[in-house]
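Now for the letters of each chain:
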Amino acid sequence: MASAAPLNPNRFWLYCVAAAVIFFLILPIAVVVPVSFSDSKYLQFPPEAYSTRWYESYWNSSDWLRATRVSLTVAFCTVLLTVPLGTAAAYAMTSVSPRAARFLQIVLLLPMIVPGMLVAIGIFYIYIRFKLVNSLIGIVVAHTVLALPFAVMTVQAALQSFDFRQEQAAMSLGATRFGAFFRVTLPQIKAAVISSGLFVFIISLDEVVISLFIAGGENTVLTRRMFVALRDAVDPTVAAISTLLIGTTLLLLVALAVTRRGQRG
Amino acid sequence: MANESVPISISGLAKTYGSFAALKDVSLAVGAGEFLSVLGPSGSGKTTMLMMLAGFVGADRGSIRFGGREVTSLAPHKRDIGMVFQNYALFPHMTVGENVGFSLRYRRISGETASGRIADALKMVHLSGFEGRSINQLSGGQRQRVALARAIVFNPAILLMDEPLSALDKKLREEMQIELRQLQQRLGITTIYVTHDQREALSMSDRIAVMNHGAIEQIGTPSEIYDNPKSLFIAQFMGESQCLRIRTVEGDALLGDRTLRTRGGPLKFGPSEHAFLVVRPEKLVVLKPGESPDEMNVLEGRIASSLFQGESIVLNTELDTGDTVTLRIASNQLARCSLPRPGDRVRLGLHSHDTIILPD
């Protein structure tokens, strides 16, 4: 690692901008976390008294807990669907012609390029026709569409440095193409596959826009439930849940960093 | 307990990528237990042919047979060939033992039989006891040996090698050439060895196939290829060759106004056809004054420069015809005593058997 460069006075404004960016990124967390521990019935900052009553309120609400269960189930199923698909897509792009690979790349990245709202409306209209609105499978498929580009890109990066002659070697030694992939290729891109899974989990867990359209009723996900709660009555329970979500995401990011390090070593 | 070695026969093999003909109608027969080198510049089709033999590239036309077995469209894992790759393609997430034993599971060999086979293969490449090492701990030469052990452990009938020594330094490469050749002869395994290093091909092979533009330009024993090239391309590709333009008049080859003695009879060239005299530096000798043996062609000229290269001395000579030739003289006391100096007039001898005349 390069040693830290001394502060350069000519870059004063650059430092100011950087500080402002960091400040505004951290600000919401700095507000939400204290508010979640407030004793007040309203969202109040800074809180006058502290308590964990809003965490208890969350824990004692079957409504909130069901939404949490739905969110976790959706995120888990999305990982199960997205990771194999993303890995297969990334792999496919290494074995087709460069032109076909470029085309596939664009198609796979479309959900990232198209505004989320448009995707949500499109999915909503299709789901009405197929009676998939508010169904678990519908939400999982929609989240898979959204998360796929990230999974593909993560695995693609790992495959870029993989030497495919190893697969040829495995085949010459008696492995089928499938066997070569599972015994030779997959173990070497394992870290990237795992980190793509963590990534996908976070994306699904945090997703709001599409969930607002298609994840209601029985299968209301946590983010949608929070949105509704904020609209109806301002309740610090939302702050408590947000804090829990931030904590979970941070944990997953740490896990991601650990697997990335393993991948490099 | 090696498998019986099998001959390979390729006929009319062709492969086109878009408008580029990688392989044009190649036919080739390799004898059982033979070591055949495939030599050629990059893009000559040698790697394409090897990939087709291994089954990684499909043929547009033609057929490949291993012994009596037609394998043209057989999947790679069913071909039973050992293969050594240019960069070895070892599996870095496995130990040396796991790498070598990879093929055994597909042949239902496990437990002690498998460990015995792995140990035997490692012994053959002088890496006994390396089973537990990780690939990252090995030197380039050791990796090469592991790749070789992995390719022979299951007693394949055929061994394919794609420039296996090109990543090693010169000294190690020369050692490995000898070792590889000895191992191949001991196992009696039919081997196709792709290389762009002509010296390697000359020193290791039973026969060499020289490829150019997707076709085999000449095939023969190392000395046939070196001493009797069929084309200017072969002459220039194999060894150092100097091509002097000559005139052909009524079946005679003329350099300047001298008629050249050649090994064959009269030349079969038309009167206006261009032809070249191919001279290799080690074939020329400096003649003593007055000496003019019968079988020698004599080229007269003046020494332009002399270069000491350790094991040999290189003399650049300007011939009276205006051509320049280089000759190589072994660097020993006897040669040094009579060595001409720059500016000296010399008479160079070229034996008629070493006089190669080729059409343009």
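Each value, and the rule that gives it
Residues numbered from 1 in each chain as written. Chains lettered and ligands numbered in written order. Predicted model: local features only at pLDDT ≥ 70, side-chain atom pairs only at ≥ 80, totals over all residues. Heavy atoms only, no water. Helix = DSSP H or I, 4+ residues; strand = E, 2+ residues; numbered from the N terminus. Contact = heavy atoms within 4.5 Å. Areas by Shrake-Rupley, 256 points an atom, 1.4 Å probe, with all protein chains shown as cover. Lys, Arg positive; Asp, Glu negative; His and termini not counted. Charge placed at Lys NZ, Arg CZ, Asp CG, Glu CD. Pairing = 2+ DSSP bridges. Buried < 20%, exposed > 50% of the residue type's maximum accessible area, 1.4 Å probe, protein only. Arc of directions from axis to C-beta. Buried area = accessible area lost by both parts, 1.4 Å probe. Salt bridge = Lys/Arg side-chain N within 4 Å of Asp/Glu carboxyl O. Polar contact = N/O pair within 3.5 Å; in protein donor to acceptor, adjacent residues only side chain to side chain. Nonpolar A, V, L, I, M, F, W, Y, C, P; charged D, E, K, R; others polar. Axes fitted to C-alpha atoms, helices over the stretch in contact; angles between N-to-C directions. Domains from an automatic or database assignment.

When its secondary structure is counted, chain B shows 9 helices and 20 strands. With the C-alpha coordinates of chain B rotated into their principal frame, the extents come out at 75 × 50 × 35 Å. For chain B, restricting intrachain contacts to residue pairs at least 6 apart in sequence, the fraction spanning at least 24 positions comes to 67%. Accessible surface, chain B as shown: approximately 16,600 Å² in total, 49% of it carbon and sulfur. One way to put it: in chain B the 40 positive side-chain charges average out to a point 5 Å from where the 39 negative ones average out.

All names here are of chain B. As paired strands, strand β1 (residues 8–17) and strand β2 (residues 20–30) are joined by 7 bridges and run antiparallel to one another. Bridge pairing in β2 links Leu13 to Val26. Pairing of β1 with strand β4 (residues 61–66), which is carried by 5 bridges, proceeds in the antiparallel orientation. Each bridged residue has a counterpart across the sheet, and for Ile10 the counterpart in β4 is Ile64.

Residue and element names in this part refer to chain A. Inspection of helix α10 (residues 222–232) places Leu222, Thr223, Arg225, Met226 and Ala229 among the buried residues, and these make up the whole buried set. Burial along α10 is one-sided: seen end-on, the buried residues are contained in an arc of 160°. Summarising the geometry of α10, the exposed residues directed more than 90 degrees from the buried face are Arg231 and Asp232.

Each side of the interface is counted separately: chain B has 22 residues, and chain A has 16 residues. Of the roughly 1,800 Å² buried where chain B meets chain A, counting both sides, 63% is carbon and sulfur surface. Contact with chain A buries surface across chain B, with B:His77, B:His93 and B:Phe102 losing the most and accounting together for 28% of the total. Remark: the boundary between chain B and chain A carries 0 salt bridges. There are 5 residue pairs in polar contact (both at pLDDT 80 or more) connecting chain B and chain A. When its residues are assigned to classes, the side of chain B that touches chain A shows 14 nonpolar, 5 polar and 3 charged.

Adjacent strands of a sheet form backbone hydrogen bonds with each other and so pair up, either parallel or antiparallel. Residues and elements named next belong to chain B. Strand order in the open sheet formed by 6 strands is β6-β7-β8-β3-β9-β10, with mixed pairing between adjacent strands. Each end of this open sheet is capped by a strand with a single partner; those strands are β6 (81–84) and β10 (215–220). Taken pair by pair, the neighbouring strands of this sheet meet at an average axis angle of 20°, ignoring direction.

All names here are of chain B. Pairing within the open sheet is antiparallel, and its 4 strands lie in the order β2-β1-β4-β5. One side of each edge strand has no neighbouring strand; the edge strands of this open sheet are β2 and β5 (69–70). Sitting on the sheet, helix α1 (residues 46–54) touches β1, β2 and β4, and the angle it makes with β1 is about 115°.

Turning our attention to the side chain of B:Gln218. Residue and element names in this part refer to chain B. Structurally, Gln218 is set in strand β10. In terms of polar contacts, Gln218 uses its side chain to reach the backbone amide nitrogen of Lys230, at 2.8 Å. Residues contacting Gln218, with those up to four places away along its chain left out, are Ile208, Ala209, Val210, Glu224, Ile225, Asn228, Pro229, Lys230 and Ile234.

Our next topic: unusual backbone geometry. Residues and elements named next belong to chain B. With a phi close to 60°, His126 is a non-glycine residue in the positive phi region. On the secondary structure map, His126 appears in the loop between α3 (111–124) and α4 (140–152). Even without a glycine there, the phi angle at Glu163 is positive, about 40°. Of note, Glu163 is situated in the loop between β7 (158–162) and α5 (170–187).

This part takes up the domain arrangement of chain A. Residue and element names in this part refer to chain A. Along its sequence, chain A is organised into domain 1 (11–51) and domain 2 (62–264). The gap between the C-alpha centroids of domain 1 and domain 2 is 29 Å. Residue-level contacts link 9 residues of domain 1 with 9 residues of domain 2. Counting the surface lost from both domain 1 and domain 2, the interface buries some 670 Å², and carbon and sulfur atoms represent 80% of this. For the domain 1 face of the interface with domain 2, the top three residues by lost area are Val32, Ser36 and Leu43, together amounting to 58%. At the junction of domain 1 with domain 2, the criterion picks out 1 residue pair in polar contact (both at pLDDT 80 or more). Among the residues forming the side of domain 1 that touches domain 2, the class breakdown is 6 nonpolar, 2 polar and 1 charged.

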